[in-house]
Amino acid sequence: MSVTAYRRVLLKLSGEALMGEDAFGINRGTLERMVAEIGEVVRLGVEMAIVIGGGNIFRGVALGAAGMDRATADYMGMMATVMNAMALQDAMRRGGVEARVQSALNIEQVVEPYIRPKAMRYLEEGKVVIFAAGTGNPFFTTDTAAALRGSEMGVQIVLKATKVDGIYSADPKKDPKATRFASISFDEALSRRLQVMDATAFALCRDQKLPIKVFDMTKPGALRRVATGEDEGTLVHV
């Protein structure tokens, strides 16, 4: 068994991560590959919580939402995260990974409400806990939900899964001389105006001294390499 670098982590997944190459929705092959990688890390003994976004579903109605009241649009986005969480839980069940969904919005006929002690117990039992509906409040992103739930669950690190393999000195698509940071402090990331997370989420992680690892979830084995402390992605630290 590999020695893991962390006992408990929070994985932040964007809704777009579930789309694969599709324009919107959930790509089954992408979902199954993601679940396989999560299952591998859980079987190493890492306790894992997940916060998932809803952009893959909300994107499909975004044009119709143009001009909509911001709070109404945000609540629609929260409902999209619940759908993603349910899909992820079902895929985990089929993949042999036990998972529970907890929602910040109270829809008990569908999923459990968010109850911190119960979520903590699930993690201690080795179950994956998927947090849906963001913080339950409009005007806050799922990045902020990840920072909040990570702090509440006492995780050692927030793993921000993206489509780039870390934080660069400049946009690597535009600047061929851009270099990847293996690690960077919160203060330096701020001074360089690097967009790691939204400002509220970033400030909460910094205040709670909760490190962030930015990595490319589309790279095979990247999540396991992060969990075992290998050189993967960029670590943002105090």
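In this text, all values refer to a predicted model and were calculated from it rather than measured experimentally.

**Description of the overall build of the protein chain**
Alright, step 1. Tallying secondary structure elements over the protein chain gives eight helices and nine strands in all.
Alright, step 2. Taken over the C-alpha trace, the protein chain has a radius of gyration of 17 Å; the compact-globule value for 238 residues is 18 Å, and the two agree within 12%.
Alright, step 3. Within the protein chain, the fraction of its 238 residues that count as buried is 50%.
Alright, step 4. Accessible surface, the protein chain as shown: approximately 11,300 Å² in total, 52% of it carbon and sulfur.
Alright, step 5. Counting 30 positive and 28 negative side-chain charges, the protein chain places the centres of these two groups 1 Å from one another.

**Observations regarding helix H5 (residues 142-153)**
Alright, step 1. Compared with an ideal rise of 1.5 Å per residue, which puts twelve residues at 16 Å, H5 spans 16 Å between its outermost C-alpha atoms and is within 8% of the ideal.
Alright, step 2. The inward-facing, buried residues of H5 abut strand S1 (8-13), strand S2 (47-52), helix H4 (116-124), strand S5 (128-132), strand S6 (157-162) and helix H7 (199-207).

**Details of H4**
Alright, step 1. Of the residues making up H4, those classed as buried are Ala-119, Met-120, Tyr-122 and Leu-123. Across the axial projection of H4, the buried residues extend over an arc of 160°, all falling on one side. In this structure, H4 carries Pro-117 and Glu-124 as exposed residues pointing more than 90 degrees from its buried face.
Alright, step 2. Close packing links the buried residues of H4 with S1, S2, strand S3 (99-103), strand S4 (112-113), S5 and H5.

**A closer look at the sheet that holds S3**
Alright, step 1. Spatial strand order, S4-S3-S5-S2-S1-S6-S8-S9-S7: nine strands in an open sheet with mixed pairing. Pairing within the sheet leaves two strands with one partner each, and these edge strands are S4 and strand S7 (183-185).
Alright, step 2. Pairing geometry for strand S8 (residues 212-216) and strand S9 (residues 234-237), over three bridges, is antiparallel. The residue bridging Val-214 from the neighbouring strand is Thr-234, located in S9.

**A short note on the nonpolar core**
Alright, step 1. Counting residues in each nonpolar core, the largest one holds 41 residues, and the members touching the most others are Leu-11, Ile-38 and Met-92.
Alright, step 2. Of all elements in the fold, only S1, helix H1 (28-43), S2, helix H3 (70-94), S3, S5, S6 and helix H8 (222-227) reach the threshold of two or more residues within this core.
Alright, step 3. Counting 30 residues, the second-largest nonpolar core is a separate cluster that includes Leu-10, Val-129, Ile-184 and Leu-194.

**Brief notes about the pairing of S8**
Each regular strand carries side chains that alternate between the two faces of the sheet.
Alright, step 1. Among the five residues that make up S8, five are buried, leaving the element largely enclosed by the rest of the structure.
Alright, step 2. Of the two faces of S8, the one carrying Ile-212, Val-214 and Asp-216 and the one carrying Lys-213 and Phe-215 are both buried.
Alright, step 3. Pairing geometry for S6 and S8, over five bridges, is parallel. Counterpart to Ala-161 in the pairing with S8 is Phe-215.

**Some remarks on the pattern of salt bridges**
Alright, step 1. Following the criterion strictly, the structure yields 21 salt bridges and no others.
Alright, step 2. Residues Asp-90 and Arg-94 are paired through a salt bridge, measuring 3.1 Å at the closest nitrogen-oxygen approach. Taken as a pair, Asp-90 and Arg-94 lie in helix H3 at a separation of four residues, close to a single helical turn.
Alright, step 3. Residue Arg-94 is classed as partly exposed on the basis of its relative accessible area of 41%.

**Structural notes on the layout of surface pockets**
Alright, step 1. When its volume is computed, the largest pocket comes out at roughly 330 Å³.
Alright, step 2. Around the largest pocket, the lining is made up of 22 residues, and of these Asp-74, Gly-77, Met-78, Phe-140 and Thr-142 lie nearest the centre.
Alright, step 3. Those elements that provide at least two residues to the lining of the largest pocket are helix H2 (55-58) and H3.
Alright, step 4. Tallying contributions element by element places H3 first for the lining of the largest pocket, with six residues.
Alright, step 5. Residues of the lining of the largest pocket, tallied by class, amount to seven nonpolar, twelve polar and three charged.
Alright, step 6. Here the second largest pocket defines a volume of roughly 210 Å³.

Rules behind the numbers
Residues numbered from 1 in each chain as written. Predicted model: local features only at pLDDT ≥ 70, side-chain atom pairs only at ≥ 80, totals over all residues. Heavy atoms only, no water. Helix = DSSP H or I, 4+ residues; strand = E, 2+ residues; numbered from the N terminus. Rg over C-alpha atoms; globule rule 2.2 N^0.38 Å. Buried < 20%, exposed > 50% of the residue type's maximum accessible area, 1.4 Å probe, protein only. Areas by Shrake-Rupley, 256 points an atom, 1.4 Å probe, with all protein chains shown as cover. Lys, Arg positive; Asp, Glu negative; His and termini not counted. Charge placed at Lys NZ, Arg CZ, Asp CG, Glu CD. Expected span 1.5 Å × (residues − 1). Contact = heavy atoms within 4.5 Å. Arc of directions from axis to C-beta. Pairing = 2+ DSSP bridges. Core = buried A, V, L, I, M, F, W, Y, C linked by side-chain atoms within 4.5 Å. Salt bridge = Lys/Arg side-chain N within 4 Å of Asp/Glu carboxyl O. 1 Å grid on protein atoms, 1.4 Å probe; cavity = no way out; pocket = protein on both sides within 12 Å on 5 of 7 lines; lining within 4 Å. Points joined across faces, edges and corners; volume = space filled by probe spheres on them. Nonpolar A, V, L, I, M, F, W, Y, C, P; charged D, E, K, R; others polar.

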